[in-house]
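Overview (structure and organization)
So you can see what is in the structure, the chains are spelled out below.
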There are 2 protein chains.
Amino acid sequence: MTAARYPLPKSIATVSLSGTLPEKLEAAAAAGFDGVEIFENDLLHFDGSPAEVRRMAADLGLQILLYQPLRDFEAMSGDVFARNLARAERKFDVMAQLGAEMVLVCSNVQEAAIDDPARAAADLRQMAEAAARRGLRVGYEALAWGRHVRRWQQAWEIVQRADHPALGLVLDSFHTLSLDDSLQGLDAVPADKIFFVQLADAPRLSMDVLSWSRHYRNFPGQGDLPVVDFARAVLQAGYAGPLSLEVFNDDFRAAPARLTAQDGLRSLIWLESEAGGAPLPAPPVLGGVDFVEFAVDYVAGRELAQRLESLGFAHAGRHRSKAVDLYRQGGINLILNAEQDSAAAEHFQLHGPSVCAIGLKVDDARRATARARALLCKEWREPVGPDERVIPALRSPDGMLFHLIDDRDADRSIYESDFMLDASAQAVHHGAGLCAIDHLAQALPANRLDSFVLFYRSVFGMQPEAVHEIADPYGLVKSRAMVSPGQHVQHVRIPLNVSESGRTATGRFVSAYAGSGVHHIAFRSDRIEQTLKAIDRSRAAMLHVPDNYYDDVAARLALDDGLLGRLQRLDLLYDRDALGEFLHAYTEPFHERFFFELVQRAGYLGYGAANAAVRMAAQAQLRHG
Amino acid sequence: MTAARYPLPKSIATVSLSGTLPEKLEAAAAAGFDGVEIFENDLLHFDGSPAEVRRMAADLGLQILLYQPLRDFEAMSGDVFARNLARAERKFDVMAQLGAEMVLVCSNVQEAAIDDPARAAADLRQMAEAAARRGLRVGYEALAWGRHVRRWQQAWEIVQRADHPALGLVLDSFHTLSLDDSLQGLDAVPADKIFFVQLADAPRLSMDVLSWSRHYRNFPGQGDLPVVDFARAVLQAGYAGPLSLEVFNDDFRAAPARLTAQDGLRSLIWLESEAGGAPLPAPPVLGGVDFVEFAVDYVAGRELAQRLESLGFAHAGRHRSKAVDLYRQGGINLILNAEQDSAAAEHFQLHGPSVCAIGLKVDDARRATARARALLCKEWREPVGPDERVIPALRSPDGMLFHLIDDRDADRSIYESDFMLDASAQAVHHGAGLCAIDHLAQALPANRLDSFVLFYRSVFGMQPEAVHEIADPYGLVKSRAMVSPGQHVQHVRIPLNVSESGRTATGRFVSAYAGSGVHHIAFRSDRIEQTLKAIDRSRAAMLHVPDNYYDDVAARLALDDGLLGRLQRLDLLYDRDALGEFLHAYTEPFHERFFFELVQRAGYLGYGAANAAVRMAAQAQLRHG
């Protein structure tokens, strides 16, 4: 056996994409796929001959790798089988026109299917013989809900028994992993008998496997299944064929095909690297959020500056060449960018006052950039003045910029190189005691969550946490945090929030904001009570918490009256987990765009999800008066 | 035991409605509920005292019937139980302020709960004793996912064992029916020990019961559970307390609370009648669709008339007093209404050319109207000229009118009374052979399907069929048909279509149309091939079907070449079921508003769902060129 040549060809089944067949092919080609699987219905609904489809794919540089599927073929009674063979011959005609060399046969789901592997093998052998006469090949796949054949080992036994060179195995990660089927022995299947490999991930859901498969599959890295382990076993077997996405997903059916296709290719590149195929540069080691940059104009900038000052921030400097100001407190850097003709100005025009960029501390910006580029990310370069530092930046899927701050070779910080710092800014300004950015929450359109999970996971090596559901008064909000790995002091934490309802704060933000963005910025204090006493809570527009909340917390968590009274006087919310306590307070929203949170966490790992509904109700009450 | 007095009081849990607590109370009162259950989080998030909630409810004429829930209370270790009792006392304080006389205790879900009914009984007895000291009562309910107590019989045994006058049983239809638990013996529980009854329906879904309960419950009559059987057993037991809705539903959380509340009350009124409580007038016996009325202006009216004429319809008359024309073919009456200052004109202004009214043949219009009124429907009365018939009409939830045509006492048809019929219209015009309206499909916003299912089911006695999922190229479409009962020749069939995607034909229709409406009208022919040959298919804008479709139908259903060729030449689609064949052809859409279908059904019961995706793809291709 010769070693497989990496990278492996990348492919996508047309059923994974939205639109008509020409739109699907165009999107797959634009993303950079090498080939496609043609899903039967896409061909049936296309008003042109299979030969036209073949020409269209060729013009786009796409191979048609598989025609799928032929269903309920094997192990039927004699007369049905004769009809099935005639049906297969008609499909072979189509494949010949299409230029597809392989057909997928799924294990039979009919009640009438006979439980006899020998018969299945004989039937498939006969079909393979018919296919071989036309130079075609047949791939047999175990459906997770097949009548008798559900596991890949069963399909493999049948393929071995049939023993025909034109018959091989098709593996599908979803069918195997959804059953928690064993991967043992997979790496020992002869590579030339694995004809094709289909890949899909999925969130863990407790429902019947058929509904799960038809509606909730997603791309590798977007779900909870061990797709990397599956792919590793396949690569260890020496498989050298295409890695192909086959994803049935209601959101993908409705989303713009180009966006979906790009996510798909990103997921396969990431997966192959994780599984031991073509490697990617290692993900960056994240050292925290270095700065948050707001796009403002003059008026919004003044107002935001006042709000920040009321929270204990101080003006620390002015950019050397641009209309950009720096505000600081503890280790927090906030940048207000009002420069014309900049990325920030463009952001402001689209989204109003908003977070337009985030600075992430990384161990090696060059390696991080190379990884991002390999994962299809767009880079961004801002014009720089003399003596200013060139900071590499990536565009996130919603257009926000991530600057990668790598201070290894720098003799001074980016603030020293790019800003004229105020005299007072030489020493750390402790202000009200806020010391770091604890987390940043992003609001996304409901169908974009998977896309962002994949972006943060693949490009930055962050891990998705469990999904929380929070009841806004006007609909449910789902929240899933992306967190940098390990137990750093300086975790980067980005909860991603979505809502199907356009009436929740999250849903309103997304529509008002013409897309997605950071709508919630949490600053950490190690002494939150002192911090709250140090600021003018009315000027800072701290959010009022209803008394009923405190009655309940007291009953629920048995807090002593002293603590309870202090919390209540400061409108502080309280939560705890096995590791520690979490105290937090919110501000009212700034122009319904974003709000701030002040938190104190001692060991605690979450985000106060138990209290988020209280905050949402209080913010809703503000809106509705 | 004295007989219960009907109608029973109607109540709703605040968790069933969207918004802040004041908005929820206002919506419940506006719909006409007698009382509410206060869901704990709604109180916790409210920035006002429980006493203020009490005043607000009183001002709105609402009783606070239940405070809910107290969780994980009984059968815990001694020290936990002591804390739980202290917690209960704090909640009793809240209830006293709130004026709520009963608290709901759900069966314990904690791992640590002890499997000992005697201990549970003793704990609940102690709690009941504490409640009784303050004049309060405790209702105990078996949660379907309780740790040890899951079935109503178990809860009932514990209540009996505790034997305290302030402790009784709370029954919840979802918890009982989701487990397929037996109703046997329910009608023998002493009525005075059933303290409260909560009602919810749900679609049949194969998922874990907790997720099912938290996201997919809906109102009685909207789902698939035998809620009527449950309610009948409760009423047979002599229960005379409130019927209360407790529904956790993601869509309800996001929908306008007043709409949801009205649906809720409608569902309870219907349910009580079905279960043997306060009766409603019987639903009408439907005798088919008598006419379909289009709102048009002069220009759209002319264009539509041409389209109808190309399908074999002929002008049959002009309304005596209005700018309204009648077109006829076989037994089909189509009305084009261009009258100013009418309901149709209002409809046209909102929705453009569209179906604004449907005439349904009923056995007794007076009884049907009385039933609709009792079910909270709005009536509509159009101004009538001298000698014109007064036709009672109802507004459907999207504003479309249903006219109820009752010809029992009439010496002539409404067409004869209201129209100046053309001389030629004395005889039936057979045109191209279309003879009846086969079905009308309505496109609805995705979250309104349940509401319309309830409307058609309760008001007209129609039955919902199974949900079909159809893949439009730009997203999934769900279709659920409402069908009049029995095996009439003149079934009324109304498939309801929804799509989460705004890019499907259904989704685009709903947004373009500013709401919902009929977007698909199917006419029946008994000789469809002749019909298609009789019309000018190009002028009628018949939809072209791709050749690939016929290749597949031939392979799949083994059609003979003669039939296949005829189908293909006429762009006819083919389906069959156990009962017969279905042949159908579509037109291109009229201004992207609605399209026509020509069908021939011989015994066949469906709507060609297998072919709907072909039609959607072809229509999409027209839009995208």
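Residues numbered from 1 in each chain as written. Chains lettered and ligands numbered in written order. Predicted model: local features only at pLDDT ≥ 70, side-chain atom pairs only at ≥ 80, totals over all residues. Heavy atoms only, no water.

Definition in use: UniProt positions are given in the numbering used here, feature names are shortened, and annotations may be inferred rather than shown by experiment.
Chain A appears in an unreviewed UniProt entry as 3-dehydroshikimate dehydratase from Cupriavidus lacunae. According to UniProt, the comment filed for chain A under the heading Function (unreviewed entry) is "Catalyzes the conversion of 3-dehydroshikimate to protocatechuate (3,4-dihydroxybenzoate), a common intermediate of quinate and shikimate degradation pathways." Taken verbatim from the UniProt record of chain A, the Cofactor (unreviewed entry) comment is "a divalent metal cation".

Some remarks on a nonpolar patch on the surface
Spelled out, the test is: Only residues above 30% relative accessible area that lack a salt bridge enter a patch, with like-charged residues linked at up to 9 Å and the nonpolar side chains Val, Leu, Ile, Met, Phe, Trp and Tyr linked at up to 5 Å. Shrake-Rupley sampling with a 1.4 Å probe provides the accessible areas, and residues are treated as covered by the protein chains on show and by no other component. The term salt bridge refers to a pairing of a side-chain nitrogen on Lys or Arg with a carboxyl oxygen on Asp or Glu at a separation within 4 Å. A run of DSSP states H or I qualifies as a helix once it reaches four residues; a run of E qualifies as a strand once it reaches two. Both are numbered from the N-terminal end.
Residues A:Leu205, A:Tyr216, B:Leu205 and B:Tyr216 make up a contiguous nonpolar surface patch of about 290 Å² in total accessible area. Mapped onto the elements of the fold, B:Tyr216 is located in helix 8 (residues 209-216).

So, the confidence of the model for chain A
Filter applied, for reference: Each residue gets a pLDDT score, which is the predictor's confidence in that residue and runs from 0 to 100.
Residue-level pLDDT values for chain A average 94, and 99% of them are 70 or greater. Across the interfaces of the predicted complex, the ipTM metric reaches 0.90, alongside a pTM of 0.93.

What about the interface of chain B and chain A?
Defined as follows: The contact definition used throughout considers only heavy atoms, calling two residues in contact when any of these lie within 4.5 Å. Two parts placed together each lose some accessible area under a 1.4 Å probe, and the buried area is that loss summed for both. Distance and chemistry together define a polar contact, namely a pair of N or O atoms within 3.5 Å, with one atom able to donate a hydrogen and the other to accept it when in protein, and with adjacent residues in sequence counting only for side-chain atoms on both sides. Three categories are distinguished: nonpolar for Ala, Val, Leu, Ile, Met, Phe, Trp, Tyr, Cys and Pro, charged for Asp, Glu, Lys and Arg, and polar for the others, with Gly belonging to the last.
On the side of chain A, 49 residues touch chain B, which itself brings 48 residues to the contact. Both faces combined, the contact of chain B with chain A buries some 4,000 Å², and carbon together with sulfur accounts for 53% of it. At the surface where chain B touches chain A, the tally comes to two salt bridges. Scanning the region where chain B abuts chain A turns up 28 residue pairs in polar contact (both at pLDDT 80 or more). Secondary-structure elements contributing two or more residues to the side of chain B that touches chain A are helix 2 (40-44), helix 4 (78-98), helix 8, helix 10 (250-254), strand 19 (463-472), strand 20 (475-483), helix 19 (547-557) and helix 21 (609-624) of chain B. Partitioning the side of chain B that touches chain A into residue classes produces 20 nonpolar, 14 polar and 14 charged.

Considerations on helix 21 of chain B
Condition: One less than the number of residues in a helix, times 1.5 Å, gives the span that helix is expected to have. Buried, partly exposed and exposed residues are distinguished by accessible area as a fraction of the type maximum, computed with a 1.4 Å probe on protein chains only: under 20%, between the cut-offs, and over 50%, respectively.
With 16 residues, helix 21 of chain B should cover 22 Å at 1.5 Å per step; its first-to-last C-alpha distance of 23 Å lies within 8% of that length. Those residues of helix 21 of chain B not exposed but buried are B:Asn611, B:Ala612, B:Ala613, B:Val614, B:Arg615, B:Met616, B:Ala617, B:Ala618, B:Gln619 and B:Ala620.

Here's the deal with the sheet that holds strand 19 of chain B
All names here are of chain B. Here is the rule: Two strands make a pair as long as DSSP finds a minimum of two bridges between them. For helices, the fitted line uses only the C-alpha atoms of the stretch in contact; every axis is such a line through C-alpha atoms, and the angle between N-to-C directions lies from 0 to 180 degrees.
Strand order across the open sheet formed by eight strands is 19-20-21-18-22-25-24-23, with mixed pairing between neighbours. Edge strands, defined here as strands with exactly one partner in the open sheet, are strand 19 and strand 23 (573-577). Going across the sheet, the axis of each strand differs from the next one's by a mean of 25°, ignoring polarity. Bridge count between strand 20 and strand 21 (residues 493-498): six bridges; the pairing is antiparallel. When the bridges of strand 21 are listed, Arg-480 appears paired with Leu-496. Along the sheet face, helix 16 (residues 449-460) touches strand 18 (434-444), strand 19, strand 20 and strand 21 and points at about 165° away from the line of strand 21.

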